[in-house]
Amino acid sequence: MKYGVVVIGSGLGGLVCARQLAKEGRRVVVLERQVQPGGCLQSFRRSDMDFDTGLHYVGGLAEGQPLHEAFQQLGLMQLPWHRLDADGFDQITIGTQTFPLAEGFEHFAATLGDYFPHEKDALRQYVQMLEHLPPMEDISEVGAYDYLKSLFQDPLLINVLSGTALKMELRRESLPLFNFAHSMSSYIQSSWRLKGSGNLIVDSLIKDIKAFGGEIVCRAEVQELKDQDGRIVAARCSDGNVYEGTIFVSDVHPQLTFSWLTTPSPILKGIFRRRINALENTFGMFTASLVLKPDTLPYFNHNKYVYREANVWSFPEDDKSVGGVMVSCRVPETGNYARQIDLLTPMPWALCKPWENTSVGRRGESYEMQKERLADDCIRLAERVIPGLRDMIEKRYTSTPLTWRDYTLSPCGSAFGIRKDYRQPLLTMLSPKTPIPNLFLTGQSLVLHGLEGVTMTAFNTLSTIRELK
């Protein structure tokens with residue numbers, strides 16, 4: 001089987017690359033090891049309901065904003081997007097205090113300025129930076145925490161401004177301002193939920209790929225990339241099928257991608273392999289997906305972030321119990337009452353190590369007990385903003401970084417890919433290009449994560465491929 005482009009992995013980055021290359025007339029095949037495509041975008045079904053894994057909300061979808069044009073090109077703006085509250089798309093609760101984050105840069109600064117009047121000038125400087133994001137080369141070597149500390153005097157405000165960052169890994173010693181600012185900026189411009197599951201995005205992209213003549217092959221687990229004369233010529237899967245191609249795009253974690261090159265390569269030097277394998281990965285997430293009893297919780301059109309203490313930058317490592325949780329409410333299909341909410345909290349790999357050599361459904365009673373304890377902790381913390389939540393629950397389902405690892409092959413169940421480090425930006429921020437001229441990378445491990453970051457990375461990968469002579 002010979003193709004113009006072989007895409008490995010059907011996460012958002014892989015599907016975007018496949019769609020656009022197929023639209024250009026190239027013969028494209030997407031290889032996916034799981035039984036259904038989508039990666040972290042896919043949903044799973046329980047109790048006749050769909051539950052999302054990685055998608056909870058997205059920023060910058062309004063006309064003229066960063067993601068709008070890209071989604072227009074991809075045919076995704078036609079999906080049922082639902083805009084969150086302009087006066088508080090996110091609400092940050094620290095201890096007993098709650099602070100709304102408002103849509104729009106001026107509105108954002110003015111709203112928080114009412115709570116922190118002594119920081120109004122600094123808030124204006126902050127949103128000016130977010131509105132006019134400096135290029136990567138200017139701020140990739142600046143630490144996000146150092147920047148916030150230099151600009152703001154009030155430590156509580158620093159925690160509030162960082163409080164939505166459960167959608168990234170906050171590390172004082174490494175997180176670049178570039179990554180922090182890009183994530184924050186798009187959500188302040190506008191924040192949206194999808195009325196329906198992430199499978200709507202997956203299905204739309206796959207429908208287009210097939211319409212443009214591309215193929216999707218599931219249960220196709222790549223085990224080897226065959227090279228010849230310094231180029232990849234084929235991907236061999238565990239079932240014995242071999243997919244020959246001219247161009248190869250990997251939407252799989254770079255460490256795994258390069259492990260498929262099992263034979264010595266004159267181009268892929270040992271020093272490069274060691275560099276990739278030495279990169280650290282971000283932490284994973286614990287998720288409690290809750291089914292609520294009918295007519296018990298009115299839908300709330302924002303996200304709630306709840307912290308027991310003002311230690312937003314350190315709580316995953318400080319606390320033995322859950323110290324912070326994101327509460328995401330699914331848009332109801334009908335009516336005004338929520339039926340599903342997700343509770344998410346960081347889960348360091350150290351808590352997973354006792355079961356790292358196990359697989360889904362075979363981890364034992366001690367693992368199930370730990371998940372129940374973590375779910376109880378998340379619910380207890382969420383009850384600070386949703387009193388009586390426990391009594392509203394009809395069913396609950398849980399997942400850990402081990403779940404993510406087994407389904408997505410992300411090392412240590414990393415939720416955001418390779419850890420970016422402002423002290424070593426050239427080492428930790430990867431290019432779509434690889435030492436092998438017809439092998440390209442895409443996905444969250446390169447530069448930016450999240451729906452916007454992965455989409456923009458995919459467009460960067462596409463531009464790099466088009467530069468080929």
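Here is what the cut-offs are and how they apply
- Residues numbered from 1 in each chain as written.
- Predicted model: local features only at pLDDT ≥ 70, side-chain atom pairs only at ≥ 80, totals over all residues.
- Heavy atoms only, no water.
- Helix = DSSP H or I, 4+ residues; strand = E, 2+ residues; numbered from the N terminus.
- Contact = heavy atoms within 4.5 Å.
- Areas by Shrake-Rupley, 256 points an atom, 1.4 Å probe, with all protein chains shown as cover.
- Lys, Arg positive; Asp, Glu negative; His and termini not counted.
- Charge placed at Lys NZ, Arg CZ, Asp CG, Glu CD.
- Buried < 20%, exposed > 50% of the residue type's maximum accessible area, 1.4 Å probe, protein only.
- Arc of directions from axis to C-beta.
- Pairing = 2+ DSSP bridges.
- Axes fitted to C-alpha atoms, helices over the stretch in contact; angles between N-to-C directions.
- Parallel < 35°, antiparallel > 145°, perpendicular 65-115°, else oblique.
- Left-handed = near helix turned anticlockwise from the far one by under 90°.
- Nonpolar A, V, L, I, M, F, W, Y, C, P; charged D, E, K, R; others polar.
- Core = buried A, V, L, I, M, F, W, Y, C linked by side-chain atoms within 4.5 Å.
- Salt bridge = Lys/Arg side-chain N within 4 Å of Asp/Glu carboxyl O.
- Phe/Tyr/Trp six-rings, centres within 6.5 Å; stacked < 30°, edge-to-face > 60°.

### Notes on the overall build of the protein chain
Here comes step 1: Counting its regular elements, the protein chain contains 17 helices and 19 strands.
Here comes step 2: The principal-axis extents of the C-alpha atoms in the protein chain amount to approximately 65 × 50 × 45 Å.
Here comes step 3: Contacts in the protein chain between residues far apart in sequence, at least 24 positions, make up 72% of those at least 6 positions apart.
Here comes step 4: Surface summary for the protein chain: the accessible area is close to 19300 Å², and the carbon and sulfur share equals 49%.
Here comes step 5: Charge-centre separation for the protein chain: the mean point of 50 positive side chains lies 5 Å from the mean point of 54 negative side chains.

### Digging into helix α6 (residues 144-151)
Here comes step 1: Turning to α6, its buried residues number three or more, namely Ala144, Tyr145, Tyr147, Leu148 and Leu151. Buried residues along α6 cover an arc of 160° about the axis, so they all sit on one side.
Here comes step 2: Tucked into the core, α6 has its buried residues touching α4 (120-131), α7 (155-162) and α8 (177-189).

### Thoughts on the pairing of strand β17 (residues 340-347)
Here comes step 1: Within β17, eight of the eight residues are buried, which leaves it mostly tucked inside the rest of the structure.
Here comes step 2: Side chains Gln340, Asp342, Leu344 and Pro346 of β17 all project onto a buried face; the interleaved residues Ile341, Leu343, Thr345 and Met347 project onto the opposite face, where all are buried too.
Here comes step 3: The pairing of strand β14 (residues 284-292) with β17 spans eight bridges and is classified as antiparallel. Bridge assignment links Phe286 to a residue of β17, and that residue is Thr345.
Here comes step 4: Sheet topology note: the strand β16 (residues 324-329)/β17 ladder contains four bridges and is antiparallel.

### Digging into the packing of helix α1 (residues 12-23) against helix α17 (residues 450-466)
Here comes step 1: Their axes nearest at 9 Å, the elements α1 and α17 cross at an angle of 40°. Considered as vectors, α1 and α17 are oriented oblique to each other. Note that α1 runs across α17; the crossing there is right-handed. When α1 is examined against α17, the residues Leu12, Gly13, Val16, Cys17, Gln20 and Leu21 are found in contact with a partner set consisting of Leu451, Val454, Thr455, Ala458, Phe459, Thr461, Leu462, Ile465 and Arg466.
Here comes step 2: For the contact of α1 with α17, the residue count by class is 10 nonpolar, four polar and one charged.

### Quick notes on the sheet that holds strand β9 (residues 191-194)
Here comes step 1: Strands sit in the order β5-β9-β6 across an open sheet of three strands; the sheet is antiparallel. Strand pairing shows two members of the sheet lacking a second neighbour, β5 (58-59) and β6 (81-83), which therefore form its edges.
Here comes step 2: Pairing of β5 with β9, which is carried by two bridges, proceeds in the antiparallel orientation. Each residue of the ladder has a partner; that of Val58, found in β9, is Trp192.

### A few points about the nonpolar core
Here comes step 1: By size, the foremost hydrophobic cluster in this structure holds 116 residues, and its most contacted members are Leu31, Tyr126, Phe152, Phe180, Leu225, Ile341 and Leu343.
Here comes step 2: Excluding residues within four positions of it along the chain, Leu31 makes contact with Val6, Val7, Ile8, Gly9, Ser10, Val217, Ala220, Val222, Ala235, Cys237 and Tyr243.
Here comes step 3: Judged by nonpolar contacts, the second largest core, of 40 residues, contains Val5, Leu15, Ala70 and Phe459.

### Here we look at the pattern of salt bridges
Here comes step 1: If you walk through the whole model with that rule in mind, you get 23 salt bridges.
Here comes step 2: The partner of Glu173 in a salt bridge is Arg171, with the nearest N and O atoms 2.8 Å apart.
Here comes step 3: What makes Arg171 buried here is its relative accessible area of 17%.
Here comes step 4: Three or more residues are tied together by salt bridges with common partners; here these are Glu372, Asp376, Arg390 and Arg396.

### A short note on the side chain of Asp251
Here comes step 1: The topology assignment puts Asp251 in the loop between β13 (242-250) and α10 (254-259).
Here comes step 2: Summary of buried charges: Asp251 has no salt-bridge partner, and the nearest side chain of opposite charge, Lys420, is 12 Å away.
Here comes step 3: Each residue touching Asp251, except ones within four places of it in the same chain, is listed here: Ile8, Gly9, Ser10, Gly11, Leu12, Gly13, Gly14, Thr442 and Gly443.

### Looking at the environment of Ile8
Here comes step 1: Tracing the sequence through the fold places Ile8 in strand β1 (residues 2-8).
Here comes step 2: Assessed through its relative accessible area of 3%, Ile8 is described here as buried.
Here comes step 3: For Ile8 and Val217, which are 209 residues apart along the polypeptide, the C-alpha to C-alpha distance reads 10.0 Å.
Here comes step 4: Beyond its immediate stretch of four places on either side in the chain, Ile8 contacts Leu31, Val222, Leu225, Val249, Ser250, Asp251, Val252 and Trp260.

### Here's the deal with the packing of aromatic side chains
Here comes step 1: Summed over all chains, the structure comprises 13 aromatic pairs.
Here comes step 2: Pairing Tyr3 with Tyr243 gives two aromatic rings, centres 6.3 Å apart and planes at 35°, and the pair type is tilted. Of this pair, Tyr3 sits in strand β1 while Tyr243 sits in strand β13, and the two are 240 residues apart along the sequence.
Here comes step 3: Judged by relative accessible area, which is 3%, Tyr3 ranks as buried.
Here comes step 4: Look at Tyr243 and you get buried, because its relative accessible area is 3%.
Here comes step 5: For the ring pair Phe283 and Phe416, a centre distance of 6.1 Å and an interplane angle of 70° mean the geometry is edge-to-face. Of this pair, Phe283 sits in the loop between α11 (270-278) and β14 while Phe416 sits in the loop between α15 (401-408) and α16 (425-428), placing them 133 residues apart in sequence.

### Here we look at the sheet that holds strand β7 (residues 90-94)
Here comes step 1: Read from one edge to the other, the open sheet built from seven strands follows the order β8-β7-β15-β16-β17-β14-β18, with strand pairing classed as mixed. This sheet does not close on itself; its edge strands, each paired only once, are β8 (97-101) and β18 (393-399). Across the sheet, the axes of successive neighbouring strands diverge by a mean angle of 20°, strand direction being ignored.
Here comes step 2: Set on the sheet, helix α13 (residues 365-382) makes contact with β14, β15 (303-307), β16, β17 and β18; between it and β18 the angle comes to about 120°.
Here comes step 3: Of the strands in this sheet, β14, β17 and β18 touch α15, which is tilted by about 100° from β14.

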